[in-house]
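Structure at a glance
One-letter residues, chain by chain:
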Amino acid sequence: MIGVTLAGRYKIIEKVGVGGMALVYKAEDMVLRRLVAIKVLKEQYVEDTEFSGKFEIEAQSAASLSHPNIVNVYDVGSETIDDKKIHYIIMEYINGKTLKDLIVEKGKLSNEEIINYSVQIARALDAAHNKKIIHRDIKPQNILITDDGIVKVADFGIARISTSATITYTSSILGTVHYISPEQAKGKYIDHKSDIYSLGIVMYEMATGKVPFDAENSVGIALKHIQDKVIAPKSINPDLSYKLNEIIMKCLQKNPAHRFPTAMSLIKALKSKNTIISNQDGIENRKRISRARDSKENIAVYKSNDDQKKDIPKKKKSIFASTILPIILALVLVSAGFFAILNLKDKYFVKKTQVPNVVNKSEAEALSLILSSKLNHSIKREHNEEVPKGYIISQKPDADTNVKEGSSVFLLISDGIEELEMPKLVGLDKQSAENLVMSKDLIIDSEKPVYHDTIEAGKIIEQYPLEGEKVNPKTKISIVISKGKEEKPVKMPSLLGSSERAAIASIEENNLEQGFIDRRYSDDYPEGTVMWQSYDAGTTLKQKTVVDLIISNGKEAKNEVEIPEGTIDLTNDELPEGTKVTIYNMHIKPPANKEDFNLRITKLVGEEEVEVYNKNHNVSEGEFELNFKDISGTVFKAYYDDKDDVIMNQN
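For the rest of this paragraph, the subject is the overall build of the protein. If you tally the helices and strands in the protein, you get 19 helices and 31 strands. Across the 651 residues of the protein, 39% fall into the buried class. Long-range pairs, those at least 24 residues apart, make up 64% of the contacts in the protein between residues at least 6 apart in sequence. Accessible area for the protein stands at about 38100 Å²; split by element, carbon and sulfur atoms hold 50% of it.

This is the structure we're talking about:
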């Protein structure tokens, strides 16, 4: 992606981060000449049309937020680059660090820092909540702090879709589960108070340097959010003010109704004068006692037991009431207790509980129900095509069965569809590829034939999904198959009037092939130029088509030609007037290593050879000349002892 320009204006400079659902790049807005941050949706989510659609809708929703403590969203869009669909969000670029970086760096923050950052975060939440937008993923990693100490909350509106896509109970999202609310962990309806709980976790981490709940896996963390009590942050950090400790604990109430009702009410509490009071126990206690004593309504609370007894008039008790009646009552109670032990032992001493129905519920919800029923559990996982990954396939005992508390419930949990590794199809022919994918329970669903200059016809050039990708059984595969090198049609060039050399070069340049070349006299074309081509100029031809040429011999001489002595007249002077004739001179060289030989000469008349000379000669005659008078353009052949030796066609 480095160097790519999106929307014609945002040039990507470098990658600066990786999130659960997107890659983050720094880029230059070449129109406004400023730096921006670009979030690009990861490839695994691009093919999910529902997810990518929500990505754009939620990003547009976030773009409607404008607040000093919220990272501004400038633009959102998608485009195709190198045949890949890219969804992106253009955001404000923040030059600073995350709150997580700051906590790791300092260990824990001061009261003043906690209040300062918390107020700014709460202001961002208040602005969003007023527009009915819930963040859903407040955590230190999503909170940026500029070099000037200004807080910028990121990823508003995006968390709604990332929650369903990424907040599954696996170790891969452990960081996010540390900050989710109990109702979010249960998969129940959430509102703005869930953000307040998450902010409480962030404040707790700022105060102590660690999160309140941790476990070996994300399911364990989620369950602790649901059922474990929070250890007061002040017990970990004595320097934390009492008021700030109370505020954090109120944010972290399990019941949303017991938290701050709004982000603004949290801001008011944080900005209270008492929030950052000294942490000495004596001062706090004296203030409480002083306030109680100043209230007349509460004076009685601080009276001693002796003082209260003085105010009660004493009555004289009878012997029956003070002695006999208590003895009778004690005997009755002992008898009743003994009877209950004998007759109702099983009911009162063996506690039972009802097994909850957890089939088709998520693992986290199932474990929460089982633990709340005071039961233990054992787990086995297996692949299942019908039940989504992380959900319960079956349980033993069945739902509504009465069992002893502490009994174990066996859970069979779906591991989802067993994924396969996409095999390599590139380079195979179609039949081999089909055999391979069928053996792996996959399907070639579509194919696209294309021309290719180097890959032979019938071989696979590309495949989707790509080699090595994890896919489900029955996945439909698309392939691209080579049609071989494209035989593009050729337009016949005009060669008339060109030199022989130029004509041959033009034939080769146009991927045609030179054919037969003849030569004729011509009054219209200079000697050595093309006077005829076998295809007219502009004719559409296949590559490698053979092209024949006739080259001009120039104009034929008009003067009478002297007929050499001994010329054999083959015309018999019976030709029509104006017929052009030629004297053909043939130089005969006797064959070596022979005393006698037969010389036979023929001429072509149409497609037949007509004999015009047949005579035996002695080698002692040496070399000699033969002359023939015949029509111009006649072709002669000479045979030595009836063997075709050479075409003898000399003027």
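Another aspect to go through is the side chain of Ser552. Along the polypeptide, Ser552 turns up in strand β24 (residues 546–552). Only 3.4 Å separates the side chain of Ser552 from the backbone oxygen of Pro526, close enough to count as a polar contact. Every residue in contact with Ser552, bar those within four places of it in the chain, is listed here: Arg520, Ser522, Tyr525, Pro526, Glu527, Gly528, Thr529 and Met531.

All right, on to unusual backbone geometry then. Here the amide bond leading from Lys396 into Pro397 is cis, since omega sits at -5°, within 30 degrees of zero. The residue Pro397 is located in the loop between β12 (392–396) and β13 (402–404) in this model. Phi is positive for Lys374, close to 60°, though the residue is something other than glycine. Summarising the element assignment, Lys374 is placed in the loop between α17 (363–372) and β11 (376–382). In this structure Lys374 comes out as exposed when scored by relative accessible area, which is 53%. A positive phi angle is found at Asp441, which is not glycine, with a value near 60°. Along the chain, Asp441 turns up in the loop between α18 (430–439) and β16 (443–450). By relative accessible area, which is 32% here, Asp441 ends up partly exposed.

The strand order across the open sheet formed by 3 strands is β21-β24-β22, and the pairing between neighbours is mixed. Edge positions in the sheet fall to β21 (513–520) and β22 (530–533), since each of these pairs with one other strand and no more. Going from strand to strand, the sheet's axes swing by 25° on average, the running direction of each strand aside. Bridge count between β22 and β24: 3 bridges; the pairing is antiparallel. Bridge assignment links Gln533 to a residue of β24, and that residue is Leu549.

Within strand β27 (residues 596–605), 7 of the 10 residues are buried, leaving the element largely enclosed by the surrounding structure. By the bridge criterion, 10 bridges tie β27 to strand β28 (residues 608–618) in an arrangement that is antiparallel. Looking at β28, one finds that Phe597 is bridged to His617. In sequence, β27 turns back onto β28 through a hairpin of 2 residues, with Gly606 there showing a positive phi of about 70°.

Right, let's talk about the nonpolar core for a bit. Across soluble globular proteins, you tend to see nonpolar side chains buried next to one another. Membership of the largest hydrophobic core comes to 58 residues, with the highest contact counts inside it found for Leu99, Phe156 and Met206. The biggest single contributor to this core is helix α4 (residues 111–129), with 10 residues. Once residues lying within four places of it in the same chain are set aside, the contact partners of Phe156 are Ala62, Leu65, Ile70, Ala124, Leu125, Ala128, Ile133 and His135. Val177, Val219, Ala366 and Val409 belong to the second largest nonpolar core, which has 19 residues in total.

Right, let's get into helix α12 (residues 263–270). Of all 8 residues that make up α12, 6 are buried, and the element is covered over most of its length. Buried-residue contacts for α12 involve α4, α8 (192–208) and α11 (242–251).

Where α8 contacts α11, the axes come no closer than 8 Å and their chain directions differ by 140°. With respect to their mutual orientation, α8 and α11 come out oblique. Where α8 crosses over α11, the two elements pack in a sense that is left-handed. In contact with Ile196, Tyr197, Gly200, Met203, Tyr204 and Ala207 of α8, α11 contributes Leu244, Ile247, Ile248 and Cys251. Taken together, the residues of the contact of α8 with α11 sort by class into 9 nonpolar, 1 polar and no charged.

Quick look at the pattern of salt bridges now. Going through the model one piece at a time under the given rule, you end up with 23 salt bridges. Here Glu14 ties to Lys26 by a salt bridge, and the two come within 3.2 Å at their closest N and O atoms. Of this pair, Glu14 sits in strand β2 (residues 10–18) while Lys26 sits in strand β3 (residues 22–29), and the two are 12 residues apart along the sequence. Look at Glu14 and you get partly exposed, because its relative accessible area is 35%. We classify Lys26 as buried; its relative accessible area is 16%. Note that Glu43 and Lys84 form a salt bridge whose closest N and O atoms lie 3.7 Å from each other.

Locating Glu92 in the fold gives a position in strand β6 (residues 84–92). Residue classification places Glu92 among the buried positions, given a relative accessible area of 15%. Within the structure, Glu92 has its side chain in polar contact with the side chain of Lys152 (distance 3.4 Å). Contact partners of Glu92, with chain neighbours within four places excluded, come to Ala37, Ile70, Val71, Asn72, Tyr74 and Lys152.

Let us look at the environment of Tyr93. Turning to its location among the elements, Tyr93 is positioned in the loop between β6 and β7 (96–98). In this structure Tyr93 comes out as partly exposed when scored by relative accessible area, which is 27%. Put simply, Tyr93 and Val71 are 22 residues apart on the chain and 8.1 Å apart in space, counted from C-alpha to C-alpha. Not counting the four nearest positions on each side in its chain, Tyr93 is found in contact with Lys26, Leu35, Val36 and Ala37.

Basis of the calculations
- Residues numbered from 1 in each chain as written.
- Predicted model: local features only at pLDDT ≥ 70, side-chain atom pairs only at ≥ 80, totals over all residues.
- Heavy atoms only, no water.
- Helix = DSSP H or I, 4+ residues; strand = E, 2+ residues; numbered from the N terminus.
- Buried < 20%, exposed > 50% of the residue type's maximum accessible area, 1.4 Å probe, protein only.
- Contact = heavy atoms within 4.5 Å.
- Areas by Shrake-Rupley, 256 points an atom, 1.4 Å probe, with all protein chains shown as cover.
- Polar contact = N/O pair within 3.5 Å; in protein donor to acceptor, adjacent residues only side chain to side chain.
- Pairing = 2+ DSSP bridges.
- Axes fitted to C-alpha atoms, helices over the stretch in contact; angles between N-to-C directions.
- Core = buried A, V, L, I, M, F, W, Y, C linked by side-chain atoms within 4.5 Å.
- Parallel < 35°, antiparallel > 145°, perpendicular 65-115°, else oblique.
- Left-handed = near helix turned anticlockwise from the far one by under 90°.
- Nonpolar A, V, L, I, M, F, W, Y, C, P; charged D, E, K, R; others polar.
- Salt bridge = Lys/Arg side-chain N within 4 Å of Asp/Glu carboxyl O.

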